[in-house]
Amino acid sequence: MSYEVILATYNGERYIRTQVESILAQSIKPSRIIIRDDGSTDKTLSVLQELQNESDVDIKIISDGFNLGYIKNFEKLSEYVEAEFVFFSDQDDIWVERKAETLLTVFTSRNEANVVFSDAYLVNNNLQKLGTLWEHVKFIPESGKIKLEKILLNNVVTGATMAVRKSFLVSVMPFPAKIPHDYWLASNACASESLIPVEEKLILYRQHENNQIGAKKSSLTDKLKAIFDANKRKKRIAHYREVYDLVHGLDKLQRNANMNDLSKDIFDYLNCVNAIYGGAIFEGEKGKSLPSALLSPGYSKYTTKQSFVRDFLDGIIIRMNLS
């Protein structure tokens, strides 16, 4: 079973050799590794060229000098894929030796599978384990299918753990410019009931200052500081905008009754969120008062205790012009 790996790099000289060597050490080797550098100013390209000369696996290096950003970098890489299956890779992780073999087995046994993803160990720069990815994002695989609304509101699929069927990849391109590629692929696969989780931890997912998803447990004080942090608030607003753009894009691509009903419910929820945040999410209705938005059935359907408190305090701070 043939597969290729697409790998996006940008100033990754410190870890890129270890990442590529872990791919080359797979129990089933890739037919090709396709790497596009996004305009690195360090020695990333030199390291890649050394690996290319040393390897008996075909390594294609694309360096056109343009900085596209990671979403469009992966889109450009996807255009070069020829194999039936493609694995996405970051530049600073380490693959477990049987990662490719394990995920390919799922494609063999599950004909409906279009996107397969796994759990991962979170590690620091010294590769000390900090916990697991699914623990951090609070994802527990259910016996049935993954609910689309869970993916839409809180993506649990990390691109570095993901393998995709090429025919499916082509069907959902191009990637929307403002939506992370893994978020887009996972949502479309979930909408078509072809998203498959694998509970094994198949990569060491490195956490450092340039790639931080907050693996450390936060104290109550840290959480309160985050609520009053203007930059954190901007990130929350940006996330809601992503959800809004994603549902719009998904609604156009996945035309079915279930998607139509779900998108209506999500838009109702987002209308309430938009009112809470004073119209900062999108242009549209923002006339609801803070209490009416927070108490709306459309909002309560998808909010959690944590997000309710966070949105409530954000709404007050915005209205008091404290940030």
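Up top is the structure these notes are about.
Calculation notes
- Residues numbered from 1 in each chain as written.
- Predicted model: local features only at pLDDT ≥ 70, side-chain atom pairs only at ≥ 80, totals over all residues.
- Heavy atoms only, no water.
- Helix = DSSP H or I, 4+ residues; strand = E, 2+ residues; numbered from the N terminus.
- Rg over C-alpha atoms; globule rule 2.2 N^0.38 Å.
- Buried < 20%, exposed > 50% of the residue type's maximum accessible area, 1.4 Å probe, protein only.
- Phe/Tyr/Trp six-rings, centres within 6.5 Å; stacked < 30°, edge-to-face > 60°.
- Lys NZ or Arg CZ within 6 Å of the ring centre and 35° of its normal.
- Axes fitted to C-alpha atoms, helices over the stretch in contact; angles between N-to-C directions.
- Parallel < 35°, antiparallel > 145°, perpendicular 65-115°, else oblique.
- Left-handed = near helix turned anticlockwise from the far one by under 90°.
- Contact = heavy atoms within 4.5 Å.
- Nonpolar A, V, L, I, M, F, W, Y, C, P; charged D, E, K, R; others polar.
- Expected span 1.5 Å × (residues − 1).
- Arc of directions from axis to C-beta.
- Pairing = 2+ DSSP bridges.

Caption draft 1: Layout of the overall build of the protein. Per the secondary structure count, the protein includes 14 helices and nine strands. Whereas a compact globule of 323 residues would reach a radius of gyration of roughly 20 Å, the protein reaches 21 Å, a difference of no more than 12%. Reported as C-alpha extents along the three principal axes, the dimensions of the protein are approximately 65 × 40 × 35 Å. Per-residue burial for the protein yields a buried fraction of 49% across its 323 residues.

Caption draft 2: Molecular detail of the packing of aromatic side chains. This model, assessed by the stated rule, comprises 14 aromatic pairs. Chaining the aromatic ring pairs together yields one cluster made of Tyr269, Tyr299, Tyr302, Phe308 and Phe312. Here the guanidinium or amino end of Lys99 rests over the ring plane of Trp95, the centre of that ring lying 3.7 Å away. We note Lys129 situated over the ring of Tyr121; from NZ or CZ to the ring centre the distance is 3.8 Å.

Caption draft 3: Structural context of the packing of helix α1 (residues 16-24) against helix α2 (residues 44-54). With their axes 10 Å apart at the nearest point, α1 and α2 run at an angle of 25° to one another. Put simply, α1 runs roughly parallel to α2. Our pair here, α1 against α2, has a crossing hand that is right-handed. Listed contacts from α2 to Ile16, Arg17, Val20 and Glu21 of α1 are Val47, Leu48, Glu50, Leu51 and Glu54. For the contact of α1 with α2, the per-class residue count stands at five nonpolar, no polar and four charged.

Caption draft 4: Spatial organisation of helix α14 (residues 305-319). Look at α14: 21 Å from first C-alpha to last across 15 residues, which is about the 21 Å you get at 1.5 Å a residue. Buried within α14 are the following residues: Ser307, Asp311, Asp314, Gly315 and Ile317. Buried residues of α14 fall within an arc of 165° about the axis and therefore sit on the same side. Positioned one or two residues after α14, Asn321 has a phi angle of 55°, which is positive.

Caption draft 5: Spatial organisation of the pairing of strand β6 (residues 115-123). In terms of burial, β6 is a largely internal element, eight of the nine residues being buried. Where β6 lies against strand β8 (residues 162-165), three bridges are found, and the strand directions are antiparallel. In the strand pairing of β8, Phe117 is matched with Met162. As paired strands, β6 and strand β9 (residues 195-206) are joined by eight bridges and run parallel to one another. If you follow Phe117 over to β9, its bridge partner there is Pro197. As paired strands, β6 and strand β7 (residues 129-132) are joined by three bridges and run antiparallel to one another. Considered in β7, the bridge of Val123 is made with Lys129. Linkage of β6 to β7, two consecutive antiparallel strands, is achieved through a turn of five residues, within which Leu127 is found at a positive phi near 65°.

Caption draft 6: Region of interest: the environment of His181. Along the polypeptide, His181 turns up in helix α8 (residues 181-191). Each C-alpha atom of the pair His181 and Lys72 lies 8.5 Å from the other, and the pair is 109 residues apart in sequence. The contacts of His181, once residues within four sequence positions are left out, are Tyr70, Ile71, Phe74, Phe88, Gly159 and Phe175.

Caption draft 7: How the structure looks around unusual backbone geometry. The omega angle of the peptide bond from Met173 to Pro174 is 5°, so this bond is cis rather than trans. Examined against the element boundaries, Pro174 turns out to sit in the loop between α7 (166-171) and α8. The phi dihedral of Lys138 falls on the positive side, at around 60°, and the residue is not glycine. Its place among the elements puts Lys138 in the loop between α5 (133-137) and α6 (148-153).

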